[in-house]
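# Summary of structural features
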Amino acid sequence: MEIENPMVLGRIEYPYAPYEPAVSFEMHDDFGSFIACGDVYFEIGDALIHIDNISDYLAAGYKDDTTYDMSDSKVIEYVEKHYGFAHTKK
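A quick note: this is a predicted structure, and the numbers were derived from the prediction, not measured.

Rules behind the numbers
Within every chain, residues take consecutive numbers counted from 1 along the sequence as written. Only residues with pLDDT of at least 70 get local features here, since the model is predicted, and only at 80 or more are side-chain atom pairs given and counted; chain-wide, interface and lining totals rely on the full set of residues. Values shown for side chains rest on all heavy atoms present in the structure; no hydrogens or waters enter the calculation. Secondary structure counts use DSSP, requiring at least four H or I residues in a row for a helix and at least two E residues in a row for a strand, with both numbered from the N terminus. Relative accessibility decides the category of a residue: with a 1.4 Å probe and only protein chains considered, values under 20% of the type maximum give buried, values over 50% give exposed, and everything between is partly exposed. Charge assignment in this entry is limited to Lys and Arg as positive and Asp and Glu as negative, and neither His nor the chain termini are counted. Note on definitions: salt bridges are taken to be side-chain nitrogens of Lys or Arg within 4 Å of carboxyl oxygens of Asp or Glu. Here a polar contact is taken to be a pair of N or O atoms separated by no more than 3.5 Å, where protein atoms must pair a possible hydrogen donor with a possible acceptor and residues adjacent in sequence count only if both atoms sit in side chains. Pairing between strands is defined by DSSP: at least two bridges between them are needed. Think of each axis as a best-fit line through the C-alpha atoms, taken over the contacting stretch in the case of a helix, with angles from 0 to 180 degrees between the N-to-C directions. Two residues form a contact once any of their heavy atoms are found within 4.5 Å.

### A closer look at the side chain of Asp64
Assignment of secondary structure puts Asp64 in the loop between α1 (54-62) and α2 (72-82). It turns out Asp64 is buried and unbridged, and the closest side chain with the opposite charge, Lys81, is 11 Å from it. Of the polar contacts made by the side chain of Asp64, one reaches the side chain of Tyr78; its length is 2.6 Å. Only 2.6 Å separates the side chain of Asp64 from the side chain of Tyr83, close enough to count as a polar contact.

### Some points on the pairing of strand β4 (residues 47-50)
In terms of strand pairing, strand β3 (residues 40-44) meets β4 through four bridges, oriented antiparallel. Bridged to Glu43 within β4 is Leu48.

### Comments concerning unusual backbone geometry
Non-glycine residue Lys63 carries a positive phi angle of around 55°. Positionally, Lys63 belongs in the loop between α1 and α2.

### Thoughts on the sheet that holds β3
Overall, antiparallel pairing links the three strands, which are arranged β4-β3-β5 in an open sheet. If you trace the sheet from one side to the other, it starts and ends with β4 and β5 (85-88), each paired once. Here the average twist between neighbouring strands, direction ignored, is 30°. By the bridge criterion, four bridges tie β3 to β5 in an arrangement that is antiparallel. Looking at β5, one finds that Phe42 is bridged to Ala86. Where α1 meets the sheet, it contacts β3 and β4, and its direction lies at approximately 20° from that of β3. Packing against the sheet, α2 makes contact with β3 and β5, and its axis sits at approximately 15° to β3.

### Remarks on the side chain of His50
When you line up the elements, His50 lands in strand β4. Look at His50 and you get buried, because its relative accessible area is 5%. Within the local environment of His50, its side chain forms a polar contact with the side chain of Asp39, the two groups lying 3.0 Å apart. Those residues in contact with His50 that sit more than four places away from it in its chain are Asp29, Ser33, Phe34, Ile35, Asp39, Val40 and Tyr41.

### Topic: the environment of Val40
Its location among the elements puts Val40 in strand β3. Excluding its chain neighbours within four sequence positions, the residues that come into contact with Val40 are His50, Ile51, Ile76, Ala86, His87 and Thr88.

Here it is in structure tokens:
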């Protein structure tokens, strides 16, 4: 059954907002620390850990406190040898 509405001439088209996906390139580690471009972070299992938090992460999770007194380059070498992979955010 068709009903004609004398108040409407033609079709009514509602414009819809264009789809704009919300893309975020921000990264945060499992402690909530922001990982900026050029920062080193570690992938240990399914965890992402910023280099600033790696010593606390190893001490809490693995009872390993040897990285507290190491330089960043030594920490990277140590963690890659024993626990996981180091990455630099691009």
